[in-house]
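# Observations on chain architecture
Spelled out, the chains give:
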Amino acid sequence: VHGDMEVIKKLWRLKTPYLTEEAGKKLPTFVYSGGDRSYTHNYCWNPLSEYVVTFFPVWIAPNVITLSAFLLRVITHFYVAYYCWDMVGLVPFFPCLLLGIGFFAYVVLDNVDGKQARRTQNGSPLGLLFDHGADACNSVLIVLSIASLLQAGRSWYYPLMSVAIITGFFYATLEQYYLGKLDLPVFNGVSDGGVMIVVLYMVSAFLGCEMWNNIIFGSFTISNAVLLMAILGGFPTAVSNIFKIMGAGVTFSSVMISSLMHWLIMGTFLIHFWLSTLSDGYLRVLLYLYGLMECKLLLHLMIAHVTAQKYQQFRVSIIATCFVQIINLLVPVTWQVNEALLLIVALLINIIIYAQLTIEVSSEMKTILGIQVFIVKRPVEQKQPYENIEIAIPPSQPSPSQKQQMTRSSLN
């Protein structure tokens, strides 16, 4: 048993350390830069989070808030998925309501964690990585939740919306990598999109998901209109990010080369959806797999950003997964491995790989920065100036010679 555990440990640490010596030197010098000029952020999310953060004790670490918010999203997501796993049925009132409340809380807490970090003087590159990793995973959950409420199912709106939203997130992160900051415009998918998603969830709860099936004209439904808006909102946002990157002197070819792995994942996802013979129940698992690989890619991009290193996008696990899935669909049926089984096995393997990456990178970063992931590091208290310190010196007992001199003085 001991020998087996040693083998497992060696396999777990097969690719570590992730941070080079040079990356370790540059990590402590990282300074976050960014802003959000949207009205919804400045007049809604920001004031609300400023108020909410005052209720958190200073001993709660920012990463605890981030993780708690994300777990809340995961719980509400799977609660809805329980009623609509195949994304074609109607979701009842209560799951929709909890989904809306959970997402609203997530957006607020997503702003609160940064304020708690500044409030407790615990801001760090690790905290930024933690926050951005949760946001990347959340983007996948958003797609699946919207597809469930709008009963997107087998329609092509579902994969196209998935690619649009995830692509928008990728190019926003790529902009942050090239420019060294993320400046969100007056209208953006983070703050304004958050408001629209909350509204969509609440409308689904109080008016019922069946309302999305109402026809606008011909066979074009309200559901189709909302999905089309999401598609048309995601791709222009990505184009805007690309122009910003090029405005900083980066060539279009460099941007596209940096995007190769992103488009490998998204392209394979679309091909898999197109060629798949899977039942509707597996379409959700399909995005779990490709969405998780995208999250892994984004994590590597953020690591490169906070350590000022070159973005190493080509990952063996991602290339191998995409290659195996597509080859299995293209070979003759008699040679094919069971598609559903292969999909689930690939998902489980990628979950382990992603967990290993996040745990090991967090461990390396906390060691370099001298911090804990979920424990607040107390700020160093300022000492009082020397001249303001009052020192009480106990009186010393006089020596025998001093006593004799004192006696003489008193006699005189």
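Here, the structure is the one placed above.
Residues numbered from 1 in each chain as written. Predicted model: local features only at pLDDT ≥ 70, side-chain atom pairs only at ≥ 80, totals over all residues. Heavy atoms only, no water.

### Observations regarding helix α9 (residues 222-247)
For α9, which comprises 26 residues, the first-to-last C-alpha distance of 38 Å matches the rise-based estimate of 38 Å (1.5 Å per residue) to within 8%. For α9, the complete set of buried residues consists of Ser 223, Asn 224, Ala 225, Leu 227, Ile 231, Gly 234, Ala 238, Asn 241, Ile 242 and Ile 245. One or two steps after α9, the chain reaches Gly 249, where phi turns positive at roughly 100°. (Helix = DSSP H or I, 4+ residues; strand = E, 2+ residues; numbered from the N terminus. Expected span 1.5 Å × (residues − 1). Buried < 20%, exposed > 50% of the residue type's maximum accessible area, 1.4 Å probe, protein only.)

### Structural notes on the nonpolar core
Generally speaking, nonpolar side chains in soluble globular proteins are found buried as a group. Counting residues in hydrophobic clusters, the biggest one holds 104 residues, and the most contacted among them are Leu 149 and Tyr 158. Residues contacting Leu 149, with those up to four places away along its chain left out, are Val 80, Val 91, Cys 96, Leu 99, Leu 200, Tyr 201, Ser 204, Cys 209 and Trp 212. (Core = buried A, V, L, I, M, F, W, Y, C linked by side-chain atoms within 4.5 Å. Contact = heavy atoms within 4.5 Å.)

### Section: the environment of Pro 62
Here Pro 62 shows up in helix α4 (residues 62-83). Owing to a relative accessible area of 9%, Pro 62 belongs among the buried residues under this scheme. Residues Pro 62 and Gln 116, 54 residues apart in the sequence, show an inter-C-alpha distance of 5.7 Å. Aside from chain neighbours lying at most four places away, what touches Pro 62 is Asp 113, Gln 116, Ala 117, Thr 120 and Asn 122.

### Describing the state of the cysteines
Counted according to the given criterion, the structure contains 0 disulfides. Looking at Cys 84, it has no disulfide partner, and the nearest cysteine sulfur is the one in Cys 209, 7.7 Å off. You can call Cys 84 buried: its relative accessible area is 1%. (Disulfide = S-S within 2.5 Å.)

### Here's the deal with the packing of helix α6 (residues 125-149) against helix α12 (residues 283-307)
When two helices pack together, their arrangement is given by the angle between their axes and by how far apart the axes lie. The interhelical angle for the contact between α6 and α12, taken along N-to-C directions, is 155°, at an axis separation of 10 Å. On the basis of the axis angle, α6 is roughly antiparallel to α12. Note on packing geometry: the crossing formed by α6 with α12 is right-handed. Between α6, through Pro 125, Leu 128, Leu 129, His 132, Ala 136, Cys 137, Val 140, Val 143, Leu 144 and Ser 148, and α12, the contact on the second element is made entirely by Arg 284, Leu 287, Tyr 288, Gly 291, Cys 295, Leu 298, Leu 299, Met 302, Ile 303, His 305 and Val 306. When its residues are assigned to classes, the contact of α6 with α12 shows 16 nonpolar, 4 polar and 1 charged. (Axes fitted to C-alpha atoms, helices over the stretch in contact; angles between N-to-C directions. Parallel < 35°, antiparallel > 145°, perpendicular 65-115°, else oblique. Left-handed = near helix turned anticlockwise from the far one by under 90°. Nonpolar A, V, L, I, M, F, W, Y, C, P; charged D, E, K, R; others polar.)

### A few points about helix α7 (residues 157-179)
Working note: α-helix, 3.6 residues per turn, so residues spaced by three or four point in the same direction. The end-to-end C-alpha distance of α7 is 32 Å, a good match for the 33 Å that 23 residues give at a rise of 1.5 Å each. Judged by how many residues are buried, α7 sits mostly within the fold: 18 of 23 residues are covered.

### Structural notes on the packing of aromatic side chains
Under the definition given, this model contains 19 aromatic pairs. Relative to Phe 206, the ring of Phe 93 lies with its centre 5.5 Å away and its plane at 70°, an arrangement referred to as edge-to-face. In this pair, Phe 93 is assigned in helix α5 (residues 93-119) and Phe 206 in helix α8 (residues 191-207), connecting sequence segments 113 residues apart. On the numbers, 6.0 Å between centres and 65° between planes, the contact of Tyr 158 with Phe 273 is edge-to-face. Residue Tyr 158 is located in helix α7, and its partner Phe 273 is located in helix α11 (residues 260-275); the two are separated by 115 residues in the primary sequence. We note that Tyr 158, like Phe 273, is buried. Feature note: the residues Trp 156, Tyr 158, Phe 269, Phe 273 and Tyr 290 constitute an aromatic cluster, connected by ring pairs. (Phe/Tyr/Trp six-rings, centres within 6.5 Å; stacked < 30°, edge-to-face > 60°.)

### Observations concerning unusual backbone geometry
Only a minority of non-glycine residues have a phi that is not negative, and only a minority of peptide bonds are not trans. Positioned with a positive phi, Gln 121 is a non-glycine residue whose angle comes to about 60°. By secondary structure assignment, the location of Gln 121 is in the loop between α5 and α6. Positive phi, normally seen in glycine, also occurs at Gln 151, with a value near 55°. Following the sequence through the fold, Gln 151 ends up in the loop between α6 and α7.

### Here we look at the packing of α4 against α5
Where α4 contacts α5, the axes come no closer than 8 Å and their chain directions differ by 165°. Classified by the interaxial angle, the pair formed by α4 and α5 is roughly antiparallel. Along this stretch, α4 crosses α5, giving a crossing that reads as left-handed. Within the contact of α4 with α5, the residues separate by chemical class into 18 nonpolar, 5 polar and 2 charged.

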